[in-house]
Amino acid sequence: MVNSNRMGLKRLTGWRPRGQSVGYLYVLPAILFLLVFTVYPLAQAAVMSVTQVSTTGKIGAWNNLANWLRLFQDGVFLHAVGLSLQFAVMGTVGSIVFGLILAQLLNLRWLPPGLTNLLRGLAVLPWMFATAVAALMWGLLLHRDGLINAWLNLVKLTHVPILFVGNPNTALASLAAVFAWRVIPFIMVMVLAGLKSIPQDLYEAAAVDGANTWQVYWRITLPLVMPLILTLSILTFVWGVGQYDLIRIITGGGPIDTTQVVSFYIYRIGFLTLDWGYGATISIAVFLVNTVCAVIYLYLSRRARPWD
Amino acid sequence: MGLMDTVAAPAEPRTEASARRLRWTARGSEAVVRVISLLVLVVLVAALLLPILWMALAAFKNDIELFHSPPPLLPPHPTLQAFQYLLGEPRYLKMLGNSYLISTLVMLLSTGLAFLAGYGFSRYRLWGGEALLLVTLFSQMFPQVSLIIPYYNILNRLGLYDTYWGLVLADTSFIVPFCIWMFKNYLDSIPPELEEAAMVDGASRLTALWRVVLPLTLPGFVATAIYAFLGAWNEYTFAVILTKTEAASPITVGIGEFFGLFTVKWSQMSALALVASVPLMIIFVFLQRYLMEGMVAGAVNR
């Protein structure tokens, strides 16, 4: 559309844009910035992972891939990988399920638009607050004498308060719940945009053919938003794997290391044991895994574009 | 099921009354479904908001009321003690100031860099442009934590550890890629004929950019600026690693600090979190449209 207009203008006025290479000047500052502040640090982490690094961070001689070999034999690391996966899967499933339900409900046609907008606007809030603030909110709710325990006690579900974040059995799941709570609004807004972009005539055609609500949902709505849901799942999963701040604030890796996910392990190895080289190795490993996920994400998201 | 009904209907002659009854039950069951859906929706939204509300109320309670069983929903004796405590702690005020400064700098730097880059990507066909854009998009998936070690190392050597600027640079590197996408998408929706027309009339490209494109991009600019500001304001990972003292630490570090204490001062911490969320509330109340716009635009990838 834009391009054909542009052609029209060219034909009408005989004017042609100057050389395309001028465009690099606009892009250059940002690209330079990212080269210096993202690519260079990454490259440095890669170098640190294959060299001997002193406790002050000085890079020394080649280390024969000692760090990389250690990685695959490090039981604590492998355990941390397992915890990260558990955390990310729980968080992703939780946020996708609830985000999807909310989006579907907000998309109901008979709801007054004013009400939908109000509820949607309010439901977005958890996404906007700082992680540190979110951690505090949930610290209050999940406290031994907090609101959730008080309510559970009130309806006689429990007699002894649950130590949500202090109990090794519930700590990781509690953290995943907080993570999901933060991501639900994002999923909701995205799925809602996807739902709104489904052409109305598909529904009209289905109605003419006499399809009922469930048939319409399973045969039309769900297949059409499925690629989007898949894309959002990968994105959320990757965020979950990289989650650090929430875990650091709420549990600090505890109790007894049951929430020591990979991202927290990086911190511990680097900043607490000062083994910068090994910490950088784990960083690069996480980065590589995320790159694979990102490639899959990009490939899929090129197909799932409800916003066009 | 619907098909079956239409086929079966003529076979059995209906009286006026039974037809009315059928219609009534149909409407009745639909009404039930509607009431249930609305109920579920309201309950879910309320559940999402509960932690926020609970924290806001906690700031006006004392710790005994807070953890009393069963806890009173509204503060029985609303008190501003928690806020008074904060006023007596210049440390937190300093950190609040740091947050405003850092976020403003990140916002200016990110929108400046990203606007130019977005314009370049939108208006020129650059060799490798597509690939560059993909790489910037990729940063959306990139765990911040994988950069903390090299950042710490580099900033230490540059003497930027525990300074505003160190944190501003680190934050910007994570925020700018998204901003580029937002600007590119926004500029794609503005027809290039407008600035071309201005140039035909004798304006230079930069003048056209300043006088024609920029004003048209304003809504996109606001959305991007909000994204950048809030992103920096809420940031914790870099802040807690790359700063150490109240000379440079933003307020998120101050909130996180409370958890490390043996006795958590819950109501004071809630008051601090509430104060720290003021920019968000202002944006939420006055600029909500842009907030939502930025949220969707950021994830759009054409």
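Treat the numbers as computed from the prediction; the structure is a model and nothing was measured.

Q: How would you explain the overall build of chain A if you had to name every residue and give the values?
A: Counting secondary structure elements, chain A contains 14 helices and two strands. Of all 308 residues assigned to chain A, the portion counted as buried reaches 42%. Pairs at least 24 apart in sequence give 71% of the contacts found in chain A among residues at least 6 apart.

Q: Give a detailed account of the overall build of chain B, specifying residues and quantitative values.
A: A count of helices and strands for chain B gives 16 helices and zero strands. Burial analysis of chain B (302 residues in total) assigns 44% to the buried set. Long-range contacts, defined as pairs at least 24 residues apart, comprise 77% of the intrachain contacts of chain B with a sequence gap of at least 6.

Q: Can you explain the nonpolar core? Please cite residues and give values.
A: Membership of the largest hydrophobic core comes to 167 residues, with the highest contact counts inside it found for Val133, Leu136, Leu175 and Ile187 of chain A together with Cys179 and Ile255 of chain B. Top contributing element to this core by residue count: helix H9 (residues 171-196) of chain A, with 17 residues. Excluding residues within four positions of it along the chain, Cys179 of chain B makes contact with Ser110, Thr111, Ala114, Thr224, Tyr227 and Ala228 of chain B.

Q: If you had to explain the pairing of strand E2 (residues 59-62) of chain A to someone new, which residues and values would you point to?
A: Residues and elements named next belong to chain A. With two bridges connecting them, strand E1 (residues 51-53) and E2 associate as antiparallel partners. In the strand pairing of E2, Thr51 is matched with Trp62. Taking the residues between adjacent antiparallel strands as the criterion, E1 and E2 are bridged by five residues, where Gly57 takes a positive phi near 95°.

Q: I'd like a rundown of the confidence of the model for chain B, residues and numbers included.
A: Residue and element names in this part refer to chain B. On average, residues of chain B score 81 in pLDDT, and 86% of them reach the 70 mark or higher. Mean pLDDT across the elements of chain B bottoms out in helix H1 (residues 2-8) (38) and peaks in helix H5 (residues 90-123) (92). Low pLDDT (under 50) marks residues 1-13, which in the prediction has six contacts with non-local residues, meaning those over four places away or in another chain. Here the complex is predicted with pTM 0.85, and the ipTM for its interfaces comes to 0.83.

Q: Summarise the interface of chain A and chain B; cite the residues concerned and give the values.
A: Between chain A and chain B, the contact holds 89 residues from the first and 85 residues from the second. Tallying contributions element by element places helix H2 (residues 23-49) of chain A first for the side of chain A that touches chain B, with 15 residues. Residues that form the side of chain A that touches chain B fall into these classes: 65 nonpolar, 21 polar and three charged.

Q: Talk me through the environment of Ile255 of chain B; I want residue IDs and the actual numbers.
A: With respect to the secondary-structure elements, Ile255 of chain B resides in helix H13 (residues 251-260). Taking the C-beta count within 10 Å as the criterion, Ile255 of chain B has 25 such neighbours and is therefore assigned buried. Residues Ile255 of chain B and Met269 of chain B, spaced 14 residues apart in sequence, show a C-alpha to C-alpha distance of 6.4 Å. Not counting the four nearest positions on each side in its chain, Ile255 of chain B is found in contact with Ala132, Val133 and Leu136 of chain A together with Met269, Leu272, Ala273 and Ala276 of chain B.

Q: Hey, could you go over the confidence of the model for chain A for me, with residue numbers and the actual values?
A: Residues and elements named next belong to chain A. This prediction gives chain A a mean pLDDT of 83; 92% of its residues lie at or above 70. Within chain A, the lowest mean pLDDT, 44, falls on helix H1 (residues 2-13), and the highest, 93, falls on helix H4 (residues 75-106). Contacts of residues 1-17 to residues separated by more than four positions or lying in other chains number 13 contacts, the stretch itself having pLDDT below 50.

Q: Break down unusual backbone geometry for me, citing the residues and quoting the values.
A: Residue and element names in this part refer to chain A. Phi at Ile256 takes a positive value of approximately 35°, unusual for a residue other than glycine. Among the structural elements, Ile256 can be located in the loop between helix H12 (245-250) and helix H13 (262-272). Residue Ile256 is classed as exposed on the basis of its C-beta count, with 9 C-beta atoms lying within 10 Å. For Leu274, which is not a glycine, the phi torsion comes out positive at approximately 60°. By the element assignment, Leu274 lies in the loop between H13 and helix H14 (276-301).

Q: If you had to explain the packing of helix H11 (residues 213-242) of chain A against H14 of chain A to someone new, which residues and values would you point to?
A: All names here are of chain A. Between H11 and H14, the shortest axis-to-axis distance is 9 Å and the interhelical angle comes to 160°. In terms of their interaxial angle, H11 and H14 are classed as roughly antiparallel. Considering only the axes of H11 and H14, their crossing is left-handed. Along its contact with H11, which presents Pro227, Leu230, Thr231, Ile234, Leu235, Phe237, Val238, Val241 and Gly242, the element H14 presents Asn290, Cys293, Ile296, Tyr297, Leu300 and Ser301. Classifying every residue of the contact of H11 with H14 gives eleven nonpolar, four polar and no charged.

Q: So what's going on with the environment of Tyr119 of chain B? Residues and values would help.
A: Topologically, Tyr119 of chain B is positioned in helix H5. Classification of Tyr119 of chain B by C-beta neighbours within 10 Å gives buried; the count is 23. Along the sequence, Tyr119 of chain B and Ile180 of chain B sit 61 residues apart, while their C-alpha atoms lie 8.7 Å from each other. If sequence neighbours within four positions are ignored, Tyr119 of chain B has contacts with Tyr26 of chain A together with Leu187 and Leu209 of chain B.

Q: An account of the environment of Val178 of chain A is requested, with residue identities and associated values reported.
A: All names here are of chain A. Along the chain, the position of Val178 falls in helix H9. The exposure class assigned to Val178 is buried, which follows from the 26 C-beta atoms found within 10 Å. Taking the C-alpha atoms as reference points, Val178 and Leu42, separated by 136 residues in sequence, lie 30 Å from one another. Excluding its chain neighbours within four sequence positions, the residues that come into contact with Val178 are Ala134, Trp138 and Leu246.

What counts, and where the lines are drawn
- Residues numbered from 1 in each chain as written.
- Chains lettered and ligands numbered in written order.
- Predicted model: local features only at pLDDT ≥ 70, side-chain atom pairs only at ≥ 80, totals over all residues.
- Helix = DSSP H or I, 4+ residues; strand = E, 2+ residues; numbered from the N terminus.
- Buried ≥ 20, exposed ≤ 12 C-beta atoms within 10 Å, placed from the backbone.
- Contact = placed C-beta atoms within 7 Å.
- Core = buried A, V, L, I, M, F, W, Y, C linked by C-beta atoms within 7 Å.
- Pairing = 2+ DSSP bridges.
- pLDDT = per-residue confidence, 0-100.
- Nonpolar A, V, L, I, M, F, W, Y, C, P; charged D, E, K, R; others polar.
- Axes fitted to C-alpha atoms, helices over the stretch in contact; angles between N-to-C directions.
- Parallel < 35°, antiparallel > 145°, perpendicular 65-115°, else oblique.
- Left-handed = near helix turned anticlockwise from the far one by under 90°.

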